[in-house]
Amino acid sequence: VQLQASGGGLVQAGGSLRLSCTASGRSISSYHMTWFRQAPGKEREFVSAITRSRSTYYTDSVKGRFTISRDNAKNTVYLQMNSLKPEDTAVYFCATSAGLILSSLRLKDQYNDWGQGTLVTVSS
């Protein structure tokens with residue numbers, strides 16, 4: 001699956017952005033889909049995932065502020081980010097992998113297919 005992330009940009013603290021991840025080459029309907037992020041000088045970390053049955057998972061720091069969703073007809077996954085904070089500044093990546101199991105959703109090493117990343121910068 002080829003993934004293309006978009007929607008990043010510069011926003012003030014408290015603002016909102018919506019990221020999109022559009023897939024090509026295969027329907028995402030049977031895939032779990034995940035967002036990771038990587039801040040400068042830090043490890044890539046799990047942000048949120050949505051399973052093929054639409055169960056959702058979030059890292060604690062974004063719960064209540066971010067919402068993940070999917071539109072299988074458009075082959076696209078979204079990450080709505082509200083109440084953004086400077087510490088949300090990072091490159092955001094979407095990812096998936098065939099055969100991914102629920103217990104591995106938060107483990108970046110389990111993913112084979114990655115988008116190119118989109119930069120989110122939150123100013124204070």
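Residues numbered from 1 in each chain as written. Predicted model: local features only at pLDDT ≥ 70, side-chain atom pairs only at ≥ 80, totals over all residues. Heavy atoms only, no water.

What follows is about the environment of Cys94. Considering the arrangement of structural elements, one finds Cys94 in strand E9 (residues 90–96). Residues Cys94 and Gly7, spaced 87 residues apart in sequence, show a C-alpha to C-alpha distance of 12 Å. Once residues lying within four places of it in the same chain are set aside, the contact partners of Cys94 are Leu3, Ala5, Cys21, Thr34, Trp35, Asp113, Trp114 and Gly115. (Helix = DSSP H or I, 4+ residues; strand = E, 2+ residues; numbered from the N terminus. Contact = heavy atoms within 4.5 Å.)

Of note, Asn75 is situated in the loop between strand E7 (66–71) and strand E8 (76–81). The contact partners of Asn75, leaving out residues within four places of it in the chain, are Cys21, Thr22, Ala23, Ser24, Arg26, Ser27 and Ile28.

Glancing now at the pattern of salt bridges. A side chain with one charge can pair with a side chain of the opposite charge if their charged atoms come near. In this structure the tally under the stated criterion is five salt bridges. The salt bridge partner of Lys63 is Asp60, with a shortest N-O separation of 3.0 Å. Here Asp88 ties to Arg65 by a salt bridge, and the two come within 2.7 Å at their closest N and O atoms. You can see Asp88 sitting in the loop between E8 and E9 and its partner Arg65 sitting in the loop between strand E6 (56–58) and E7, a full 23 residues away along the chain. Given the relative accessible area of 1%, Asp88 is considered buried. On the accessibility criterion, Arg65 (9% relative accessible area) is buried. Residues participating in the shared-partner salt-bridge network are Arg37, Glu45, Arg65 and Asp88. (Salt bridge = Lys/Arg side-chain N within 4 Å of Asp/Glu carboxyl O. Buried < 20%, exposed > 50% of the residue type's maximum accessible area, 1.4 Å probe, protein only.)

With that settled, the discussion passes to the sheet that holds strand E1 (residues 2–6). What links the strands of a sheet is backbone hydrogen bonding, and the strands pair in either a parallel or an antiparallel sense. In space, the four strands of this open sheet follow the order E1-E3-E8-E7, with antiparallel pairing throughout. Edge positions in the open sheet fall to E1 and E7, since each of these has one partner strand only. The average undirected angle you get between the axes of adjacent strands in this sheet is 15°. Here five bridges tie E1 to strand E3 (residues 17–24), and the two strands are oriented antiparallel to one another. The residue of E3 that forms the bridge with Gln2 is Ser24. (Pairing = 2+ DSSP bridges. Axes fitted to C-alpha atoms, helices over the stretch in contact; angles between N-to-C directions.)

Met33, Trp35, Phe66, Val77, Leu79, Met81 and Tyr92 are the most contacted members of the largest nonpolar core, which totals 27 residues. Mapped onto this core, the elements with two or more residues apiece are E1, E3, strand E4 (33–38), strand E5 (45–50), E7, E8, E9 and strand E11 (118–123). The greatest single-element share of this core, amounting to four residues, is contributed by E3. Residues within four places of Phe66 in sequence aside, it is in contact with Arg37, Val47, Tyr58, Leu79, Gln80, Met81, Asn82, Leu84, Asp88 and Tyr92. Counting seven residues, the second largest nonpolar core, distinct from the first, contains Phe46, Leu100, Leu105 and Tyr111. (Core = buried A, V, L, I, M, F, W, Y, C linked by side-chain atoms within 4.5 Å.)

Right, let's talk about the environment of Ala95 for a bit. Locating Ala95 in the fold gives a position in strand E9. Separated by 90 residues in sequence, Ala95 and Ala5 have C-alpha atoms that sit 9.6 Å apart. When residues no more than four places from it in sequence are discounted, the contact partners of Ala95 are Leu3, His32, Met33, Thr34, Phe36, Tyr111, Asp113 and Trp114.

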